[in-house]
Amino acid sequence: MSIAATSIASRLLVWLPTSSLARVLPWLQPVAVGLLVGDALLHVLPESLETGLSTDAAFKCVAIGAGMLVGVECFVRPRASRTRVPGPAAFAQMNLTGDFLHHLVDGVVVAASFLAGSASGFAVMLAIIAHEIPREVGSAGVLVAGGYPPRKAFWLSLAMASAVPLGALLMLAAPLHGGALGVALALAAGTVLYVALADVLPAAWSRMGSTPRIAPFIGVVTGLVFMWVAAGWEAR
């Protein structure tokens with residue numbers, strides 16, 4: 001179901017004509033930043049603390065997760081800058097990396113919830129789908145803005161979502177409980193924050209053009225508010 005939700009969400013961009021995409025992307029990228037930051041701070045990080053992981057340990061893991069992606073980017077950016085053929089920007093490639101890790105942890109969380117009981121599992125799965133749909137629209141927009149053709153952005157989004165069943169299988173093979181699950185969630189939060197603030201946001205500034213100056217602020221706040229409301233709905 002999570003893969004289906006991702007597929008439908010990212011497919012929305014494929015249906016848009018090129019002229020419409022050019023107008024939407026400068027707004028969609030800041031929204032993606034808000035969704036990503038809100039997802040990390042209002043959804044993933046609180047879940048890691050609910051597992052019993054201490055606040056100190058959680059924030060250390062967030063820092064480690066961000067640091068891990070700095071290491072990944074050390075290899076992504078030189079390769080992107082050396083190629084003579086125009087291709088996807090480094091920030092789009094980094095978004096794919098963060099998306100894969102995020103989906104991997106989603107799969108671990110869903111599997112852990114089902115191990116606790118079918119009712120809990122279905123509730124968690126529906127909550128994840130609810131916050132993944134808008135997040136994946138933003139993520140697909142980042143891929144298109146980074147140079148991926150819309151159809152390829154769709155297939156790549158779908159491929160990244162395959163990490164959900166992979167994470168579930170890993171959980172079944174080597175179950176994570178308590179602090180270990182909390183560590184995985186906090187690491188994922190760090191990777192998502194890094195991608196949003198170090199890659200997607202600077203790319204959004206570079207695409208401003210004739211877009212109103214206030215657009216990045218409006219977009220980021222819109223994404224944050226949406227995730228804030230979604231987090232409140234999940235807590236009920």
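Description of the structure in this document. (Residues numbered from 1 in each chain as written. Predicted model: local features only at pLDDT ≥ 70, side-chain atom pairs only at ≥ 80, totals over all residues. Heavy atoms only, no water.)

### Side note on the overall build of the chain
As a reminder of what qualifies: Strands are runs of DSSP state E lasting at least two residues, helices are runs of H or I lasting at least four, and both sets are numbered from the N terminus onward. Summary of the burial criterion: residues with accessible area below 20% of their type's maximum are buried, those above 50% are exposed, and those between are partly exposed, where the area comes from a 1.4 Å probe applied to protein chains only. Contacts are assigned to residue pairs with any non-hydrogen atoms lying within 4.5 Å of each other. Surface accessibility in these figures is a Shrake-Rupley result with a 1.4 Å probe; residues are shielded only by whichever protein chains are displayed.
Within the chain one finds nine helices and zero strands. Going from N to C terminus, the chain has its helices and strands arranged as α-α-α-α-α-α-α-α-α. Classification of the 236 residues of the chain by burial places 50% in the buried group. Of the contacts made within the chain by residues no fewer than 6 positions apart, 85% connect residues no fewer than 24 positions apart. In the structure as shown, the chain presents an accessible area of about 11,000 Å², 72% of it carried by carbon and sulfur atoms.

### Here we look at the nonpolar core
Nonpolar side chains in soluble globular proteins tend to end up buried together. Put simply, the test is: Remark: nonpolar core denotes a set of buried residues (Ala, Val, Leu, Ile, Met, Phe, Trp, Tyr, Cys) joined through side-chain atoms within 4.5 Å.
The biggest cluster of nonpolar side chains holds 46 residues, and the ones touching the most others in it are L143 and Y148. Going through the elements one at a time, α2 (18-50), α3 (55-82), α4 (90-116), α5 (118-145), α6 (150-161), α7 (163-173) and α8 (179-206) are the ones with two or more residues in this core. Ranked by the residues each element gives to this core, the list is headed by α8, at twelve residues.

### Considering the pattern of salt bridges
The condition is simple: The rule for a salt bridge is simple: a side-chain nitrogen of Lys or Arg has to be within 4 Å of a carboxyl oxygen of Asp or Glu.
A full pass over the atoms with the stated rule returns one salt bridge. Salt-bridge contacts for D56 lead to K60; the nearest nitrogen and oxygen are separated by 3.1 Å. On the criterion of helical spacing, the pair formed by D56 and K60 is a turn pair, its members being four residues apart in helix α3.

### Looking at the packing of α6 against α7
The geometry of a pair of packed helices is captured by two quantities: the angle between their axes and the separation between those axes. Put simply, the rule reads: A fitted line through C-alpha atoms represents every axis, and for helices the fit uses only the stretch in contact; the resulting angles, taken between N-to-C directions, go from 0 to 180 degrees. Convention used here: angles under 35 degrees read as roughly parallel, angles over 145 as roughly antiparallel, angles from 65 to 115 as roughly perpendicular, and any remaining angle as oblique. Each residue is assigned to one class: nonpolar for Ala, Val, Leu, Ile, Met, Phe, Trp, Tyr, Cys and Pro, charged for Asp, Glu, Lys and Arg, and polar for all the others, Gly among them.
Orientation of α6 relative to α7, taken along the N-to-C sense of each, is 10°, at an axis distance of 5 Å. Taken as axis vectors, α6 and α7 run roughly parallel relative to one another. Between α6 and α7, the residues in contact are A159, M160 and A161 and A163, V164 and P165, respectively. Along the lines of polarity and charge, the residues of the contact of α6 with α7 split into six nonpolar, no polar and no charged.

### Examining α6
Counted only if it meets this: A helix is expected to span 1.5 Å multiplied by its residue count minus one.
Between its first and last C-alpha, α6 extends 17 Å over twelve residues, near the 16 Å set by a 1.5 Å rise per residue. All of the buried residues along α6 are A153, F154, L156, S157, M160 and A161.

### Quick notes on α7
To be explicit about the condition: Throughout, the arc means the angular range of directions from the helix axis out to the C-beta atoms.
Those residues of α7 that sit buried are A163, V164, G167, A168 and M171. One side of α7 carries all its buried residues, which in axial view fall inside an arc of 145°. Those residues of α7 that are exposed and aimed more than 90 degrees away from the buried face are L169, L172 and A173.

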